[in-house]
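Listed here are the chains, written in short residue letters.
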Amino acid sequence: MRRTVYFDNAATSYPKPAAVVRAVTEALRTAGNPGRGSHRLAETAAELVYDCRAVAAEMFGAEPERVVFTAGATHALNAAVKGLAEPGCHILIDNYAHNAALRPVAALASAGLAEYDVYDADGDEERVLANIVQKLRPTTRLLIATHQSNICSHILPIGSIGRLCREYGIHLIVDAAQSAGHLTVDLRTMNITALCVPGHKGLFGPMGVGMLISAPNVTYKTIFEGGAGIHSLDAAMPEELPERLEAGTLPLPAIAGLLAGIRYVRQTGLQEICLHECTLTSVLTGRLREISGVTLYGESVGSVVGFNVAGYSPAEVGAHLASRGICVRTGYHCAPLAHRTVGSFENGSVRVSVSHLNRMTEIDRLVNAVHDLQK
Ligand code: PLP
C-alpha cells in the first residue's frame, strides 16, 4: 500500500505536527475555562491563551491584546467587515475574494447598509493600485484584499495597497487564509487595519480556531454579544479588545494547539517554508505545462496550483488522483470571483496545495498520475 499524498493544505494542513497533537491533549487534561475563575485550572488556561496571543502578536506585528480569537478566518472576516462598516459606506473587494469575504460584504449590501465594487487585482503592482484608485469614492471606508488566492497562488501587493489605504484614510482588511504561515504578513509595516487568519491551515493548529488581529486604536461594532469574563454587571459588551469581540467560552484546546503550531512555524522558519513550497509548486507547474491538454491558472508562485485537464471534469481528475492515493480539491473552492477572473468559471478547477511537509517525490507521483490520464 503506497503512502497517501496530501495536497489539500489550503483546506486544512495535514498532518499536524506531533507537538500540536500533544498540546491539545495536554490542554484537555490540565486546563479549565480561561478568564472564568481564579483557581489553578482557570489560571493555566488563561496563561495558555495569553501565550498564544503573545506569539501571534509577535509573528504578525501587533500587540497581544489586539489578537482576538475567532472560530476561523470566516468568523474573523465577518467580525471585521460588519464591525468596521459604517452605514451607507462603500467597500472595495478584490476579484480573487473567497466567499468568506464576499458574502459578508454582499449581505451588508443587500440589507441596504453598504455598497460595494470589485477591483481588478491582476497585473503588476502599479496596475493594481491604479485599478483601486479608479474605483474609490468619497464614501469608501473599507478595502478587502485576499493576500494569496485559494485557487491559484495569485499574490496581492499588500504593502503597497496598505500605503494607498493609509493615504486615503481607508481601513485595509486582509484575508490571510492562504498566506499566514506561508508568506510574511506584518500589520505595522503593511498598514493593515484588520488581519483575518485561520488557525488550521498554514499555522498548523486544529480546526475551530482563528484570529482577528487589529492595528492599535481600531474600534469595532460587535456581531456577537455574551459573557466576556470582565465587566459582568454591564449589559453592554466591554469596549476594550480582545474581550469586546470574544463573547462566550474560548476554544481552549484549539488555542493550545494553535500556540504549538505557531511555535512550530517559527522554529521551522517562514523563509524556509516559503522557499520549499515555492520550489515544489514551480517544479509542478513547469512539469504540468509540458503535458498536452493541461491548462494552468495564475501567474504568481506560492503554495497553490490550479489546473484543468482537457476532456476531463475537475471531479474526474480528482477521482483519478484519489484512486492513486493523492488528495487534491476540485470544484469552485468557494471562490466564484476568482474563477471568473482566471477563466475557470464554467467547471471550476483542480487545486493542488502544498505545505513544507510535502516532498518532491510526491510531486513526481502527481505528475505521473496526470500523465496517465492522457494515455
Ligand atoms: N479565505 C480564503 C482565501 C480561504 O481559502 C478560506 C478557506 O479555505 C477562508 C477564507 C475561510 O477560512 P476558514 O475555513 O478558517 O473559515
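See above for the structure.
Presented here is an overview of the structure given in this document.

Cut-offs applied
Residues numbered from 1 in each chain as written. Predicted model: local features only at pLDDT ≥ 70, side-chain atom pairs only at ≥ 80, totals over all residues. Heavy atoms only, no water. Phe/Tyr/Trp six-rings, centres within 6.5 Å; stacked < 30°, edge-to-face > 60°. Lys NZ or Arg CZ within 6 Å of the ring centre and 35° of its normal. Helix = DSSP H or I, 4+ residues; strand = E, 2+ residues; numbered from the N terminus. Buried < 20%, exposed > 50% of the residue type's maximum accessible area, 1.4 Å probe, protein only. Contact = heavy atoms within 4.5 Å. Expected span 1.5 Å × (residues − 1). Arc of directions from axis to C-beta. Pairing = 2+ DSSP bridges. Axes fitted to C-alpha atoms, helices over the stretch in contact; angles between N-to-C directions. Polar contact = N/O pair within 3.5 Å; in protein donor to acceptor, adjacent residues only side chain to side chain. Near = heavy atom within 4 Å. Areas by Shrake-Rupley, 256 points an atom, 1.4 Å probe, with all protein chains shown as cover. Nonpolar A, V, L, I, M, F, W, Y, C, P; charged D, E, K, R; others polar.

Moving on to the packing of aromatic side chains. Tallying each qualifying case throughout the model produces three aromatic pairs. Note that Arg-340 overlies the ring of Phe-345, its terminal NZ or CZ placed 3.8 Å from the centroid.

To continue, consider the environment of Tyr-312. Along the polypeptide, Tyr-312 turns up in the loop between strand S10 (304–309) and helix H10 (314–323). When its relative accessible area of 30% is taken as the criterion, Tyr-312 is described as partly exposed. As a C-alpha pair, Tyr-312 and Leu-373 span 61 residues in sequence and 8.8 Å in three-dimensional space. In this structure Tyr-312 touches Val-317, Leu-373 and Gln-374, once residues within four positions along its chain are discounted.

What follows deals with helix H9 (residues 270–289). The end-to-end C-alpha distance of H9, which contains 20 residues, comes to 28 Å, matching closely the 28 Å that a straight helix rising 1.5 Å per residue would cover. All buried positions along H9 are accounted for by Ile-273, Glu-277, Cys-278, Leu-280, Thr-281, Leu-284, Thr-285 and Leu-288. On an axial view of H9, the arc spanned by its buried residues comes to 165°, and they lie on one face. Turned more than 90 degrees off the buried face of H9, the exposed positions are Gln-271 and Leu-275. Tucked into the core, H9 has its buried residues touching helix H8 (252–268), strand S9 (294–297), S10, strand S13 (349–353) and helix H12 (360–373).

Next up on the list: the sheet that holds strand S2 (residues 67–70). Taken in spatial order, the seven strands make up an open sheet running S2-S8-S7-S6-S5-S3-S4, and their pairing is mixed. Edge positions in the sheet fall to S2 and strand S4 (114–119), since each of these pairs with one other strand and no more. Sheet twist, expressed as the mean angle between neighbouring strand axes with direction ignored, is 20°. The sheet contacts of helix H5 (residues 125–135) involve strand S3 (89–94), S4 and strand S5 (140–146), and relative to S4 the element is tilted by about 155°.

Turning to the side chain of Ser-160, a few remarks are in order. Residue position: Ser-160 is located in helix H6 (residues 158–168). Of the polar contacts made by the side chain of Ser-160, one reaches the side chain of Glu-125; its length is 2.5 Å.

Looking now at the site of the ligand. Ala-73, Thr-74, Asp-175, Gln-178 and Lys-201 are the nearest of the 13 residues found near the ligand. Note that an oxygen atom of the ligand is positioned 2.5 Å from one of the side-chain N or O atoms of Thr-74. Interatomic distance of 2.7 Å between a side-chain N/O atom of Lys-201 and an oxygen atom of the ligand. If the ligand stood free it would expose 390 Å²; the protein chains cover 86% of that surface. Along the lines of polarity and charge, the residues of the shell around the ligand split into five nonpolar, six polar and two charged.

Attention now goes to H12. Its 14 residues give H12 an end-to-end C-alpha distance of 21 Å, which sits within 8% of 20 Å, the value for a rise of 1.5 Å per residue. Of the positions making up H12, those classed as buried are Glu-362, Ile-363, Arg-365, Leu-366, Val-367, Ala-369, Val-370 and Leu-373.

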